[in-house]
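# Structural overview
Chain by chain, the residues:
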There are 2 protein chains.
Amino acid sequence: MTSPLAPPDRLLLGPGPSPVAPSVLDALGKPVIGHLDPEFIRIMDETSEQLRAVFRTSNPLTFPVSGTGSAGMETALVNVLEPGDVIVIGVNGVFGGRMADAAARAGAVVTTVEARWGDIVDPVQLGNAATAANAKVVALVHAETSTGVRSPVDQVRNAIGPDPLLLVDSVTGLAGIPLEVDGWGIDVCFSGTQKCLSVPPGLAPITFSPRAANVVAERKTSVQSWYLDVSMLRKYWEEGQGARAYHHTAPISMVYGLWEGLRLVMEEGLETRWARHQDAGDFLQDALTELGFQMFARKGYQLPQLTSVRLPADVPDSLRGNLLHEFGIEIGGGLGEGAGKVWRIGLMGHGATRHNAERLIESLRALL
Amino acid sequence: MTSPLAPPDRLLLGPGPSPVAPSVLDALGKPVIGHLDPEFIRIMDETSEQLRAVFRTSNPLTFPVSGTGSAGMETALVNVLEPGDVIVIGVNGVFGGRMADAAARAGAVVTTVEARWGDIVDPVQLGNAATAANAKVVALVHAETSTGVRSPVDQVRNAIGPDPLLLVDSVTGLAGIPLEVDGWGIDVCFSGTQKCLSVPPGLAPITFSPRAANVVAERKTSVQSWYLDVSMLRKYWEEGQGARAYHHTAPISMVYGLWEGLRLVMEEGLETRWARHQDAGDFLQDALTELGFQMFARKGYQLPQLTSVRLPADVPDSLRGNLLHEFGIEIGGGLGEGAGKVWRIGLMGHGATRHNAERLIESLRALL
């Protein structure tokens, strides 16, 4: 192999990973210390503390799962579900479908509430389904990365009533658009590092409400996954659980990166960051509309950080290759139903700027 | 939080993570590119190619799982086991016991063949148990990180006959001591990056023989884990599987680090590296014996890369804290039965040198 490794410089405007701030890349290369070193425990505590601020929660059980966003999804589901438990899942894209798949593998009885791709799942329908099925858990996707739709998660608790656990995938939402874990009555929320946090992929921030943590503690069956078993993970991650008990070796360097990424979020201010995403996304969506692209997501529910557009008849999907190879810009193709017909353009985290939107629009103009 | 993140400089002589080479830390900080970028696919292919060389296998299905070594363990088990399948597991320390736990969670019928901690599991006993139980899978730990024991894995295939799948945990073995996946008839072997590969924790190299891959392909039930389902992961990682299908977003930066760590192994030469570990380990074990420490592992089966010693009566376990805080040297305490009574000292990967052994011995002399 030819050394050194020399990945090209890309402007990452796809559905993730997003551009990584230089100080986060620096943090990844800091000296590795032991996973039980008192200094690392301090970094873990600070990471959890910052995650609580970004999730807007006071949940003690808040930490990064040692895997990517999909590991966060699986951790959320397999810990609160036991075989035979009923879960109602809103499905309006790939990631709702993925939750249904993972929940079924955990032995749950799954009811899906489907919506057309590009539309939202109606909270009232979710509520009706939850009542009809006497659901233990209701789950939905806050920011559907496959379609660019923002779900009105703030209305879901009211629609489902106080009893079901509310489980939310905010892989693409966290730190990009408003998310209020405590304020919206969310019990379990998971995310990924490589979207609006602007940290490389590899960790899945997750938070459990005391009620959800209690459901895990009172399980009758073992969690099917040893690796993702929160009853053991909490002994390592949660403050006040006594001596930190070894479970698995935490991904030290990735935790460094997340620590620094979260610090940047706090330094900017969460609300300022949300506003920056909204501004950049609005700017891009106006410009794309002018170029003849049609928004894929329903009006009023478009994510600013992930813009999904239908291709005009004269724009081939292969243009993405030209963008990558001629301009060094990555954007994403459609997933599932949208393959070949849809583009997904991310303005996430460090990359959520009008300047980046302009670079993309200018490059597109040059190619069209 | 105070920026920049400033973890202290430690000499990592515990059971992992091991010292990371500067060029690996550099690789972690390289620009992030997309997980479907053609350049990243090339880096993935080269990573798999180098992993095959280090595992000594020609298995096409060889890749890093997006989690730590324990995720590799779970991937190995949950993919080849279906509910009701019989597995025989050798247990002579924490990590054999962990496999038994994870296999039971996958619904397998588990028989353990136990040995005293510090001893090996007798291959003949494993074979007898496998025959008696008509086992589908036989599993054992190549290098028991909790006790410092090296298992005679080379003798196991002969003892169990041709039928059972042979599954080996070589988290601490790979790239430190001889391991011949093809030569020893191993069907599934997993490892971790933070031991003798000297890459930070976060990925779990794994390899499946064509026979094991076929067992996965012909399953009657879904793999219980969505995240670790090899039937989907192979569409992303395995060459010749057509267009690389998105499953989850790979931990890009960690793959960079692994690529570079593997390159360093190949540059040194695998056999030279094994010899370096043996030399450093022998040197340390002689010096510790002189100091009054007793080897925990049975004579003739001591791992050179992980030395487990019983503390003399006049050496308190708390001395580890002095080593860390006064000399910046991390060593590990005992796990399970060995807690408080045993130390575990790693000379792994980049850290496997006589010089490091001397630094430890001198510091110990100063403290004693």
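In this text the structure is predicted, and so the values were computed from the model without any measurement.

Below, the discussion takes up the interface of chain B and chain A. The extent of an interface is frequently quoted as the accessible surface area lost upon association of the parts. Each side of the interface is counted separately: chain B has 61 residues, and chain A has 61 residues. Contributing elements (two or more residues each) for the side of chain B that touches chain A: α1 (22–28), α2 (38–55), α3 (69–80), α4 (94–105) and α9 (252–268) of chain B. Sort the elements by how many residues they give to the side of chain B that touches chain A and α9(B) lands first, with seven residues. Of the residues that constitute the side of chain B that touches chain A, the class distribution is 26 nonpolar, 21 polar and 14 charged.

All names here are of chain A. Under the domain assignment used here, chain A contains domain 1 (11–16 + 270–367) and domain 2 (22–266). The gap between the C-alpha centroids of domain 1 and domain 2 is 26 Å. Of the residues lining the interface, 25 residues belong to domain 1; the matching set on domain 2 comes to 24 residues. At the level of elements, α10 (270–290) and β12 (306–310) are the ones that each hand at least two residues to the side of domain 1 that touches domain 2. Per-element accounting of the side of domain 1 that touches domain 2 gives the leading share, four residues, to α10. Taken together, the residues of the side of domain 1 that touches domain 2 sort by class into 11 nonpolar, 10 polar and four charged.

What follows deals with the packing of helix α2 (residues 38–55) of chain A against helix α9 (residues 252–268) of chain A. When two helices pack together, their arrangement is given by the angle between the helix axes and by the axis-to-axis distance. Residue and element names in this part refer to chain A. Where α2 contacts α9, the axes come no closer than 9 Å and their chain directions differ by 40°. By the angle class used here, α2 and α9 are oblique. In terms of crossing hand, the pair formed by α2 and α9 is left-handed. For the pair formed by α2 and α9, the contact residues are F40, I43, M44, E46, T47, Q50, L51, A53 and V54 on the first element and I252, V255, L258, W259, L262, R263, V265 and M266 on the second. Along the lines of polarity and charge, the residues of the contact of α2 with α9 split into 13 nonpolar, two polar and two charged.

Our next topic: helix α7 (residues 210–217) of chain B. Residues and elements named next belong to chain B. Buried within α7 are the following residues: A212, A213 and V215. For α7, the arc enclosing every buried residue in end-on projection is 155°, short of the 170-degree limit, so these residues lie on one face. Among the exposed residues of α7, those pointing more than 90 degrees away from its buried face are P210, R211, N214 and A217. The secondary structure elements touched by the buried residues of α7 are β2 (61–65), α3, β8 (165–169), β9 (188–190) and β10 (204–208).

This part covers the environment of G96(A). Residues and elements named next belong to chain A. Along the chain, G96 turns up in helix α4 (residues 94–105). Taking C-alpha positions, G96 is 7.9 Å from E144, a pair spaced 48 residues apart along the chain. If sequence neighbours within four positions are ignored, G96 has contacts with I89, G90, V91, L140 and V141.

All names here are of chain B. The buried fraction of strand β12 (residues 306–310) is high, at four of five residues. In terms of strand pairing, strand β11 (residues 294–295) meets β12 through two bridges, oriented antiparallel. Opposite Q294, over in β12, you have R310 as the bridge partner. The pairing of β12 with strand β15 (residues 342–346) spans five bridges and is classified as antiparallel. Counterpart to L306 in the pairing with β15 is G346.

Moving on, we get to the relation of the copies chain B and chain A. Superposition of chain B onto chain A requires a rotation of 180° combined with a translation of 0.0 Å along the rotation axis, giving an RMSD of 0.0 Å. The transformation just described matches what one would write down for a two-fold rotation axis. Interface overlap between copies: 100% of the residues of chain B at the interface are likewise at the interface in chain A, consistent with a symmetric, same-surface contact.

On to the nonpolar core. The biggest cluster of nonpolar side chains holds 231 residues, and the ones touching the most others in it are A103(A), V138(A) and A103(B). The contact partners of A103(B), leaving out residues within four places of it in the chain, are L77(B), L81(B), I87(B), I89(B), A108(B) and V110(B).

What counts and what doesn't
- Residues numbered from 1 in each chain as written.
- Chains lettered and ligands numbered in written order.
- Predicted model: local features only at pLDDT ≥ 70, side-chain atom pairs only at ≥ 80, totals over all residues.
- Contact = placed C-beta atoms within 7 Å.
- Helix = DSSP H or I, 4+ residues; strand = E, 2+ residues; numbered from the N terminus.
- Nonpolar A, V, L, I, M, F, W, Y, C, P; charged D, E, K, R; others polar.
- Domains from an automatic or database assignment.
- Axes fitted to C-alpha atoms, helices over the stretch in contact; angles between N-to-C directions.
- Parallel < 35°, antiparallel > 145°, perpendicular 65-115°, else oblique.
- Left-handed = near helix turned anticlockwise from the far one by under 90°.
- Buried ≥ 20, exposed ≤ 12 C-beta atoms within 10 Å, placed from the backbone.
- Arc of directions from axis to C-beta.
- Pairing = 2+ DSSP bridges.
- Least-squares fit on C-alpha atoms with pLDDT ≥ 70 in both.
- Core = buried A, V, L, I, M, F, W, Y, C linked by C-beta atoms within 7 Å.

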